[in-house]
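# Chains, contacts and geometry: an overview
So the chains spell out like this:
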Amino acid sequence: MVSGPNLNETSIVSGGYGGSGDGLIPTELGPLGSGRHPSHSTTPVGPGDEVARGIAGEKFDIVKKWGINTYKCTKQLLSERFGRGSRTVDLELELQIELLRETKRKYESVLQLGRALTAHLYSLLQTQHALGDAFADLSQKSPELQEEFGYNAETQKLLCKNGETLLGAVNFFVSSINTLVTKTMEDTLMTVKQYEAARLEYDAYRTDLEELSLGPRDAGTRGRLESAQATFQAHRDKYEKLRGDVAIKLKFLEENKIKVMHKQLLLFHNAVSAYFAGNQKQLEQTLQQFNIKLRPPGAEKPSWLEEQ
């Protein structure tokens, strides 16, 4: 395996011209031909300058550590992809994570279809409402067909009322699926991403430690080895903690998913079955069972359906 430069031995070269024979050594001269150097005035350093230098030093250290960490992780990632580096794998946890990602994709598909159903139901209700109004108007203006137009108007109004109840149930179903997918599952996947990043860092510093352990043991190497050992242990602790966090969140997510979907699938089934069976009483009881509230009859405030 080709190894990159040892960043533990990175040196920072200060600015300024130096060296001999390179033609880059300007001399500070006084007036032309005088051969005298101008006098240098010393400026006292105040507490503010010391604070500024301290802050600048801290920022430099942060950037330096970030650069070293990025280099090591990038090197480890490329080594894994090209099959030259080893990778720590928790087979059981990896399987659970992949299953979660697949489940999330399927639930997103259900969510998209549920939203499409909501839109179609809303359009159907709008059409039924308009048709009922048209029948009612013709009932008043067509005495010879007053009865026929009248009961058709009543039928459309009843269908519209039941449709609004069904739409309330479907909207509640979609809202619950949306919360499960975009909040509960996404929160767990964010922890998974942190775990995967910690795993990459752990393997990167493990590889770095292994390479140093195979090198010569002199005074300088021992110091770097001790430092690498301490850094590796810190990343190992972080990796172990996040692995435990992911395992716990996956367990709680599975329990929560089963509980939520048991309730929502029961709601969806009962509401759809009652609607297409024309069982208005059962449809209303379904909404009461799941504490879904629509506008009471005669209320002046428009329902959530009318506000869409």
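Definitions and limits used
Residues numbered from 1 in each chain as written. Predicted model: local features only at pLDDT ≥ 70, side-chain atom pairs only at ≥ 80, totals over all residues. Heavy atoms only, no water. Helix = DSSP H or I, 4+ residues; strand = E, 2+ residues; numbered from the N terminus. Buried < 20%, exposed > 50% of the residue type's maximum accessible area, 1.4 Å probe, protein only. Areas by Shrake-Rupley, 256 points an atom, 1.4 Å probe, with all protein chains shown as cover. Salt bridge = Lys/Arg side-chain N within 4 Å of Asp/Glu carboxyl O. Contact = heavy atoms within 4.5 Å. pLDDT = per-residue confidence, 0-100. Core = buried A, V, L, I, M, F, W, Y, C linked by side-chain atoms within 4.5 Å.

## Overview of the overall build of the protein chain
If you tally the helices and strands in the protein chain, you get five helices and zero strands. Overall, the protein chain shows an N-to-C arrangement of helices and strands of α-α-α-α-α. Counting across all 308 residues of the protein chain, residues that qualify as buried make up 28%. By element, 57% of the accessible surface of the protein chain is carried by carbon and sulfur atoms, the whole surface being about 20700 Å².

## Some details on unusual backbone geometry
In this structure, Asn291 is a non-glycine residue whose phi angle is positive, near 55°. Topologically, Asn291 is positioned in the segment after helix 5 (280-289). A relative accessible area of 66% places Asn291 in the exposed class.

## A few points about the pattern of salt bridges
Pairing between side chains of opposite charge can happen when the charged atoms of each approach one another. According to the stated counting rule, one finds 15 salt bridges in the structure shown. The partner of Lys104 in a salt bridge is Glu186, with the nearest N and O atoms 3.5 Å apart. Here the residue Lys104 occupies a position in helix 2 (residues 91-141), and Glu186 occupies one in helix 3 (residues 146-213), the gap between them amounting to 82 residues. Among the residues examined, Lys104 registers a relative accessible area of 13% and is labelled buried. Relative accessible area serves as the criterion here: at 26%, Glu186 is assigned to the partly exposed category. The salt bridge partner of Asp187 is Lys249, with a shortest N-O separation of 3.0 Å. On the criterion of sequence distance, the pair formed by Asp187 in helix 3 and Lys249 in helix 4 (residues 219-276) is long-range, its members being 62 residues apart. For Lys249, a relative accessible area of 28% corresponds to the partly exposed category. Residues participating in the shared-partner salt-bridge network are Arg199, Asp203, Arg206 and Glu210.

## Overview of the environment of Leu117
In this structure, Leu117 sits in helix 2. The exposure class of Leu117 is partly exposed, given its relative accessible area of 32%. Between the alpha carbons of Leu117 and Asn171 there is a distance of 9.3 Å; along the sequence they are 54 residues apart. Once residues within four sequence positions are removed from consideration, Leu117 is found in contact with Val170 and Phe268.

## Overview of the confidence of the model for the protein chain
Looking at the protein chain, pLDDT values average 79 and 75% of them are 70 or higher. The spread of mean pLDDT over the elements of the protein chain runs between helix 1 (residues 47-81), the lowest at 71, and helix 2, the highest at 95. Segment residues 1-41 is flagged for pLDDT under 50; beyond a separation of four residues in sequence, or across chains, it makes 32 contacts in the model.

## What about the nonpolar core?
Within the largest apolar cluster, 42 residues are counted, with the highest numbers of intra-cluster contacts made by Ile97, Tyr195 and Val246. Broken down by secondary-structure element, the contributors of at least two residues to this core are helix 2, helix 3, helix 4 and helix 5. The element that contributes the greatest number of residues to this core is helix 3, accounting for 18 residues. Val246 has contacts with Leu93, Ile97, Thr191, Val192 and Tyr195, leaving out every residue within four places of it along the chain.

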